[in-house]
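A closer look at the structure
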Amino acid sequence: MSTEIVAERLLSAADSADPDRAARLAFRAFVALSRTADSHQMLPFLARARKAHDAVGSPRTELIYCTLAGTAATRAGLADGPDYLDKALRIFDQNAFGDDPVLVECALTAALTLMRPQEARRFAPLVDALDLAPVDRARLLALIGAGDAWAGNLVRGQAELREAVRLAALCDSLDVQAEATSWLAKCDALRGDLDEAADHLDQARELAARVGSAWVARHLPECTVALAFARGDHDAWVGLLELVVATDAGVTAGLQHEHRWELATHHALAGRPGLAATLLADVADPPPSWPGGPVLPAWRAWILDPDSPATAAALTTALGQLTRPNEQLLAARVAWLLGAHHGRSGRRGEAARLLEQASAGYARAGAAGLLALVLKDLRLLGGRPPTGSGGADPAGTDPPPAPAFPAAAGRPALTDAEARVAAAIADGLSNREAAQRLFVSVKTIEFHLGNIFRKLGVRNRTELAARRARTG
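Here's what I pulled together on the structure shown here. (Residues numbered from 1 in each chain as written. Predicted model: local features only at pLDDT ≥ 70, side-chain atom pairs only at ≥ 80, totals over all residues. Heavy atoms only, no water.)

**Overview of the overall build of the protein chain**
Summing up its helical and strand segments, the protein chain has 24 helices and zero strands in all. Scaling as 2.2 N^0.38, a compact globule of 472 residues should have a C-alpha radius of gyration of about 23 Å, and the protein chain matches this with 24 Å. If you line up the protein chain on its principal axes, its C-alpha atoms span 85 × 50 × 40 Å. Residues counted as buried form 55% of the 472 residues belonging to the protein chain. Pairs at least 24 apart in sequence give 61% of the contacts found in the protein chain among residues at least 6 apart. Of the roughly 19,700 Å² that the protein chain leaves accessible, carbon and sulfur atoms contribute 54%. (Helix = DSSP H or I, 4+ residues; strand = E, 2+ residues; numbered from the N terminus. Rg over C-alpha atoms; globule rule 2.2 N^0.38 Å. Buried < 20%, exposed > 50% of the residue type's maximum accessible area, 1.4 Å probe, protein only. Contact = heavy atoms within 4.5 Å. Areas by Shrake-Rupley, 256 points an atom, 1.4 Å probe, with all protein chains shown as cover.)

Okay, structure coming up:
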């Protein structure tokens, strides 16, 4: 049944219910529609909860009203959202509402909307102890799993999200399954489970389309960025970063500044300082309380002058201020960027220290996929070629140039990604071996090969190798 129809029926039932039950029905209607609705569609639930609260004024109805008001305001970008959500959490804690599934979900929703994912863990024992229908357990477990992964415990978060997806599928709850699967895809990518991440992304897209989920569709590009990054697919990563920056994706997780700073860093280190400066112009730094807030001003200064010892030193110092759980991955990432840049500039001591710091951060978080990419820079620092070298690397550097493959007369040149695939195949690798070298799927290799053969005017792998031999 359509989530909109479910929500409408719950609101209709609230009309004839007592105030306490009416507030609970309004929240259940919000839950039914929250994965498919935009913020303006939440206003009827908010009005109904407000009416119930005004009628009875109990802590239970106030908690529900504050959760709905805070969530709607935050999604709409209004400044008073956090105040409502903080009040909701205070009411929950003061009244020990841990035995009430609706109020547990209210408090968990408030914590995550406040971008305090580390608090999700405290709700896990409460959820375990509740007698819940499978669909309700799937929904709450998805929130807890997302919180754990967001707070830097990717191992636990991945396991919880997998269970949430399984339960939602058993209940045929497509909206919950779509949301949990999209979060799982990003978690898989960071963990290094790249084939699973790609499969889950495809499933999340299909599920979102089946229920018409504006909410899931909004953050799917953010998940594809993570997969392209973990694969080392430089071209796709940059293109997707441009998309998420243009659409302000990642706002609900506080990542919109991080995405923009990443893209600006890419342009600055690729010799396009003007473009980097344009991306950062007229974009204010968030407050220090924002995830990553303590490091963003120093990161901005470094982007604008990456070869300055002073900006590098200031950014290194600011790294020490990223101490919150939801800043673990960012701390590792910035250490990696700085370490790789020091390495390219010949400052091997600083490079080694920062790259080891990044490695330790990713290891603690369970981000095996990102750790594998940092290790490539560490191996280069030690004078050894990286294992499986030849893949693109979005560590803030442009990938090493691939051997030239001049296009046939009148045909377009190979893209960087196609050139890397062509080089791998010309080296005699199979499609699967090329995929492993380049950290992409076999299907991606097959797709690029079709374009390569057409552009170069060759018919097979033997002719491709011969073309490379002739051009050096």
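On we go from here.
**Some words on helix α21 (residues 416–426)**
In terms of residue burial, α21 counts as a mostly covered element, since 10 of its 11 residues are buried. Of all the residues in α21, the buried ones are A417, E418, A419, R420, V421, A422, A423, A424, I425 and A426.

**Here we look at the packing of aromatic side chains**
Evaluation of the coordinates by the stated rule reveals six aromatic pairs. Geometrically, the ring pair formed by F27 and F30 is tilted, given 5.6 Å between the ring centres and 40° between the ring planes. Residue F27 and its partner F30 are located together in helix α2 (residues 19–33), separated by three residues, close to a single helical turn. By the burial criterion, F27 is buried, and F30 matches it. Consider the rings of W336 and Y362, whose centres lie 6.0 Å apart with planes at 90°: the pair is edge-to-face. Of the two residues, W336 sits in helix α18 (residues 328–344) while Y362 sits in helix α19 (residues 348–365), which places them 26 residues apart along the sequence. Judged by relative accessible area, which is 0%, W336 ranks as buried. Of the residues examined, Y362 reaches a relative accessible area of 1% and is grouped as buried. Here a set of aromatic residues connected by ring pairs shows up, and it is made of F229, W237, W336 and Y362. The cationic tip of R333 hangs over the ring face of W336; the distance from NZ or CZ to the ring centre is 4.8 Å. (Phe/Tyr/Trp six-rings, centres within 6.5 Å; stacked < 30°, edge-to-face > 60°. Lys NZ or Arg CZ within 6 Å of the ring centre and 35° of its normal.)

**Comments concerning the nonpolar core**
Formed by 126 residues in total, the largest nonpolar core has its most connected members in I64, W299, I303 and W336. Other than its neighbours up to four places away in sequence, W299 contacts E258, W261, E262, T265, L315, L330, V334 and L337. Within the second largest apolar cluster, 19 residues are counted, among which are I445, L449, I452 and F453. (Core = buried A, V, L, I, M, F, W, Y, C linked by side-chain atoms within 4.5 Å.)

**Focus: the side chain of D188**
With respect to the element layout, D188 can be found in helix α10 (residues 174–191). Polar side-chain contacts of D188 include one of 2.8 Å to the side chain of Q158. Ignoring sequence-local partners within four residues, the contact set of D188 consists of Q158, R162, D193, E196, A197 and H200. (Polar contact = N/O pair within 3.5 Å; in protein donor to acceptor, adjacent residues only side chain to side chain.)

**Section: the side chain of E418**
Examined against the element boundaries, E418 turns out to sit in helix α21. Looking at E418, the relative accessible area reads 4%, which means it is buried. Ignoring sequence-local partners within four residues, the contact set of E418 consists of A413, H448, N451, I452 and K455.

**With respect to the pattern of salt bridges**
A side chain with one charge may pair with a side chain of the opposite charge, provided their charged atoms come close. According to the stated counting rule, one finds 23 salt bridges in the structure shown. Salt-bridge contacts for R24 lead to D100; the nearest nitrogen and oxygen are separated by 2.8 Å. Remark: D100 occurs in the loop between α5 (81–95) and α6 (101–113) and R24 occurs in helix α2; sequence separation between them is 76 residues. Note that R162 is salt-bridged to D193, the shortest N-O span being 3.8 Å. (Salt bridge = Lys/Arg side-chain N within 4 Å of Asp/Glu carboxyl O.)

**Observations concerning the packing of helix α8 (residues 134–150) against α10**
Axis separation between α8 and α10 bottoms out at 10 Å; the angle between their running directions is 20°. Judged on the interaxial angle alone, α10 and α8 are roughly parallel. The handedness of the crossing between α8 and α10 is left-handed. Contacts between α8 and α10 involve A138, R139, A142, L143, A146 and A149 on the former and, on the latter, V176, A180, W183 and C187. Classifying every residue of the contact of α8 with α10 gives nine nonpolar, no polar and one charged. (Axes fitted to C-alpha atoms, helices over the stretch in contact; angles between N-to-C directions. Parallel < 35°, antiparallel > 145°, perpendicular 65-115°, else oblique. Left-handed = near helix turned anticlockwise from the far one by under 90°. Nonpolar A, V, L, I, M, F, W, Y, C, P; charged D, E, K, R; others polar.)

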